[in-house]
Amino acid sequence: MFDGICRVENHVIAIRNFEDVTSAIIRVNELSGRAGLSVIEKSSVMTAVSELTNNILKYAKKGSLTMAIIQTRTGRGIEIVAEDHGPGITDIQMAMRDHYSESGTLGLGLPGSKRLMDEFFLRSEVGAGTRVTARKWKS
Amino acid sequence: MTDAWISPDAASQSGVNVAVVKGHVVATPQTQLSGEVIAALRDRLLAMLSQTSARHVYIDCSGLEVIDAEEFRALRNLAAMAKMLGADVLLGGLRPGVVASLVTMGESGAGIRTALNLDDAVSLFDEERS
């Protein structure tokens, strides 16, 4: 990718079961620490990873999570990419709508992850899969 | 505490320790929460509340680095179920990063009672009992 972002320490974790979700959270915690993120920022990234990887298990059964420390001329942070080759999302607008009503209807965890991260890109194709790229910059 | 009683069943297998301290139930998740862990916790707590005179439950979240929105909703539902059995649930030991993330995601904390730690929770419980 030539987007002016330098990526170091790329890690790819296969997501097939809950143990993989747990190890992804532990790994992203370590990496966020090394990127210099604060405790609260690290929590945001870990929670987003929990939401996105649980989504993979729920909707696509398996996929992967890629994480890296990112560096530009102006800042440093963490990038996470959650990818699957599952059914894809038919209605992205609907999926990005907030669902945290008192009635307890469950959303896809996507609007929550978007709020937790500084940048959030969603690409999904029905029948082909879904990819979420999200970044959190050190404040 | 001398009257703490650790339940003899396979607590570690379900990922949650459950103890009774001075008549209050104290549940401590040992691992990162999952649907399975929360379901096991729910089943044990509801069975306990329907069979014993314990009316207060403290869930110690201090060991949890992450509680995502769905896990939080499951805990809130658990509290609602306990309430229907006439019991009160207090969530405690929530880490700063956990509460920051939950509020950022849009969770308000409505519908669930919280305490800073077990000490606070026991004081609250004792006040209500007297």
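Residues numbered from 1 in each chain as written. Chains lettered and ligands numbered in written order. Predicted model: local features only at pLDDT ≥ 70, side-chain atom pairs only at ≥ 80, totals over all residues. Heavy atoms only, no water.

Enquirer: What am I meant to see in the overall build of chain A here?
Expert: What chain A contains, in helices and strands, is 4 helices and 5 strands. For chain A, the N- to C-terminal ordering of α and β elements is β-α-α-β-β-α-α-β-β. Computed over the C-alpha atoms, the radius of gyration of chain A is 15 Å, within 12% of the 14 Å expected from 2.2 N^0.38 for a compact globule of 139 residues. Referenced to the eigenvectors of the C-alpha coordinate spread, the extents of chain A come out at roughly 40 × 30 × 30 Å. Relative to its 139 residues, chain A shows a buried fraction of 48%. A fraction of 64% describes how many contacts in chain A between residues 6 or more apart in sequence connect residues 24 or more apart. For chain A, the accessible area works out to roughly 7100 Å², and carbon and sulfur atoms hold 54% of it. (Helix = DSSP H or I, 4+ residues; strand = E, 2+ residues; numbered from the N terminus. Rg over C-alpha atoms; globule rule 2.2 N^0.38 Å. Buried < 20%, exposed > 50% of the residue type's maximum accessible area, 1.4 Å probe, protein only. Contact = heavy atoms within 4.5 Å. Areas by Shrake-Rupley, 256 points an atom, 1.4 Å probe, with all protein chains shown as cover.)

Enquirer: Help me understand the interface of chain A and chain B in this model?
Expert: Often, the extent of an interface is quoted as the loss of accessible area on bringing the components together. Facing 20 residues of chain A, the contacting portion of chain B comprises 23 residues. In this structure, the connection of chain A to chain B is made through 1 salt bridge. With its nearest N and O atoms 2.8 Å apart, the salt bridge here joins Lys58(A) to Glu70(B). The interface formed by chain A and chain B holds 8 residue pairs in polar contact (both at pLDDT 80 or more) in total. Mapped by element, the contributors of at least two residues to the side of chain A that touches chain B are helix H1 (18-34), helix H2 (39-60) and helix H4 (110-116) of chain A. Looking at the side of chain A that touches chain B, the element that brings in the most residues is H2(A), giving 9 residues. (Salt bridge = Lys/Arg side-chain N within 4 Å of Asp/Glu carboxyl O. Polar contact = N/O pair within 3.5 Å; in protein donor to acceptor, adjacent residues only side chain to side chain.)

Enquirer: Would you mind going over the nonpolar core with me for this structure?
Expert: Nonpolar side chains tend to gather and get buried jointly when the protein is soluble and globular. Ile78(A), Ile80(A), Leu45(B) and Ile59(B) are the most contacted members of the largest nonpolar core, which totals 61 residues. Apart from the residues lying within four places of it in its own chain, the contact partners of Ile59(B) are Ala27(B), Pro29(B), Leu41(B), Leu45(B), Leu75(B), Leu78(B), Val89(B), Leu90(B), Leu91(B) and Gly92(B). If you look at the next biggest cluster of nonpolar residues, it comprises 7 residues, including Val21(B), Leu90(B), Ala115(B) and Phe125(B). (Core = buried A, V, L, I, M, F, W, Y, C linked by side-chain atoms within 4.5 Å.)

Interpretation in functional terms is not warranted from these geometric data alone.
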